[in-house]
Amino acid sequence: MDRKEYKVPSKDYALQYSPLLGELIPEIERVIREENPVLGASVDAFEKEFAAYTGTADAVGLGSGTDALYLSLRALGARPGTEVITAANTFIATVSSILLSGARPVLADPDPETMNLTPGAVEAAITPRTVAVIPVHLYGALAPVGEILRVCERSDIDMVEDAAQAHGARGPDSRGAGAYGRMGCFSFHPSKNLGAFGDAGMVTTSDMRDADEIRLIRNLGKSSKYEVTRVAPNTKLDTIQAAILRLKLRNLDAWNDRRISLAALYRDALADVGDLILPHFPGDRAHVYHLFVVRTSRRDELRAHLQSAGVNAGLHYPVPPHLQSLDVDLGYREGDFPVTEECARTVLSLPISPELKDHQVAYVCEQIRSFFGE
Ligand SMILES: *Cc1c(COP(=O)(O)O)cnc(C)c1O
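Nothing here was measured: the structure is a model prediction, and the numbers come from that model.

Caption draft 1: Seen up close, the environment of Thr114. Checked against the element boundaries, Thr114 lands in the loop between strand S3 (104–108) and helix H6 (119–125). For the pair Thr114 and Ala124, spaced ten residues apart in sequence, the C-alpha separation works out to 19 Å.

Encoded structure:
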């Protein structure tokens, strides 16, 4: 089924952009007439605006969220012989970025209710080789960063946040996801809460030495026009993407609010339906619902039922990193992470993009209730 044919699509970029085009097209024209295509003024402006939005002193624009993680790990000293702890149920990019740095990924099962890493699991995974922990704010819900940071400080290791799904999620002290760790890593993949029209990413940090190092290693390690001091990738945020992101950043809070109210509609209509487990509910803005992930033992049947009713429900993620056939051996096997493996069999992401109408969510809920015979 083509995206346009769904009664309830999981996303619709044309619909998302249509109210923005009146402003966006002239802005893109201005950028093309006035700015450098590479590291133009819009990149610098967006870095400052996104840092301020998140609550950090600086931010560095990159080519993707994966590169944000990879460059952060390199900057803090991850390399062969070191270990980095992260959640076993994360998106593959978190694990790939650790492998790209040369470090060994040490995975830990998440809490079965929040689906996020816990301070206890982090503490149990620390060894003398551990240099960093990456809590992932999975599905848009802030991980317990305060407690994990205390564990890190006791063992003198760094915390790097994978905030790729959590732009604008805020803790009780109202700092943003990405402002708690030594670095915060964001993706602006089009599907994220804040998305570019293509790939893009960002590292947020309040340590100016880290910001300088990441600016060096996003640009081939060039310390000046003709001098190079690092072997490094070329992964800078494009000027055009920065211009698009600047404009969209102004809508992010409103879009997140819309996600939060759609989540409330789902919650009301789906309480006590079949064996459905609803996502945990931290309240306030600690969850920005990048995804609304329910769990059921009848996941595949329910997904097929929704598909035939014109509802596009996704899977995040059906194959966890430790069960992928990678070209390196992670050293884990089936059974090592029971919570992660159970989630891989039961998770189902219901459509929750901000463009959805209330009646579309009501329709999805009706379909789910009738599937369970309610
Ligand atoms: C999207 C995502 C990434 C990677 O971001 P890209 O921009 O696609 O490279 C990393 N971690 C998580 C949790 C993500 O959802």
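Back to the text.
Caption draft 2: Spotlight on the sheet that holds strand S1 (residues 58–62). Sheet architecture is open: seven strands sit in the order S1-S7-S6-S5-S4-S2-S3, paired in mixed fashion. Each of the sheet's edge strands pairs with one partner strand only, and the pair in question is S1 and S3. Sheet twist, expressed as the mean angle between neighbouring strand axes with direction ignored, is 25°. Pairing between strand S4 (residues 130–134) and strand S5 (residues 158–162): two bridges, direction parallel. Bridge pairing in S5 links Val133 to Met159. On top of the sheet, helix H5 (residues 92–101) reaches strand S2 (83–87), S3, S4 and S5; it is set at about 150° to S3, its chief contact.

Caption draft 3: Structural detail: the packing of aromatic side chains. A full pass over the atoms with the stated rule returns eleven aromatic pairs. Summarising the aromatic geometry, the rings of Tyr17 and Phe197 are spaced 5.5 Å apart at their centres and angled 85° between planes, so their arrangement reads as edge-to-face. Here Phe197 lies in the loop between strand S6 (183–187) and strand S7 (201–205) and Tyr17 lies in helix H1 (residues 13–17), a separation of 180 residues in the sequence. Since its relative accessible area comes to 8%, Tyr17 is described here as buried. Judged by its relative accessible area of 57%, Phe197 falls in the exposed class. Three or more aromatic residues joined by ring pairs form one cluster here, namely Phe46, Phe50, Tyr53, Phe186 and Phe188. Positioned over the ring face of Tyr53 is Arg170, at 4.8 Å from the centre of the ring. Positioned over the ring face of Phe91 is Lys192, at 5.7 Å from the centre of the ring.

Caption draft 4: How the structure looks around the site of the ligand. Lining the immediate surroundings of the ligand are 14 residues, of which Gly65, Thr66, Asp162, Ser187 and Lys192 lie closest. Between an oxygen atom of the ligand and a side-chain N or O atom of Thr66, the distance comes to 2.5 Å. In isolation the ligand exposes 380 Å². Once the protein is present, 93% of that is buried. Broken down by secondary-structure element, the contributors of at least two residues to the shell around the ligand are helix H4 (65–76) and H5. For the shell around the ligand, the element with the highest residue contribution is H4, accounting for three residues. For the shell around the ligand, a count of residues per class yields six nonpolar, six polar and two charged.

Caption draft 5: Broad picture of the pattern of salt bridges. Counting across every chain of the model gives 24 salt bridges. Measuring nitrogen to oxygen at the nearest pair gives 2.7 Å for the salt bridge that ties Arg33 to Glu29. Of this pair, Arg33 and Glu29 both sit in helix H2 (residues 21–34), separated by four residues, roughly a single helical turn. Glu47 serves as the salt-bridge partner of Arg218, at 2.9 Å between the closest nitrogen and oxygen.

Thresholds, definitions, all that
- Residues numbered from 1 in each chain as written.
- Predicted model: local features only at pLDDT ≥ 70, side-chain atom pairs only at ≥ 80, totals over all residues.
- Heavy atoms only, no water.
- Helix = DSSP H or I, 4+ residues; strand = E, 2+ residues; numbered from the N terminus.
- Pairing = 2+ DSSP bridges.
- Axes fitted to C-alpha atoms, helices over the stretch in contact; angles between N-to-C directions.
- Contact = heavy atoms within 4.5 Å.
- Phe/Tyr/Trp six-rings, centres within 6.5 Å; stacked < 30°, edge-to-face > 60°.
- Buried < 20%, exposed > 50% of the residue type's maximum accessible area, 1.4 Å probe, protein only.
- Lys NZ or Arg CZ within 6 Å of the ring centre and 35° of its normal.
- Near = heavy atom within 4 Å.
- Polar contact = N/O pair within 3.5 Å; in protein donor to acceptor, adjacent residues only side chain to side chain.
- Areas by Shrake-Rupley, 256 points an atom, 1.4 Å probe, with all protein chains shown as cover.
- Nonpolar A, V, L, I, M, F, W, Y, C, P; charged D, E, K, R; others polar.
- Salt bridge = Lys/Arg side-chain N within 4 Å of Asp/Glu carboxyl O.

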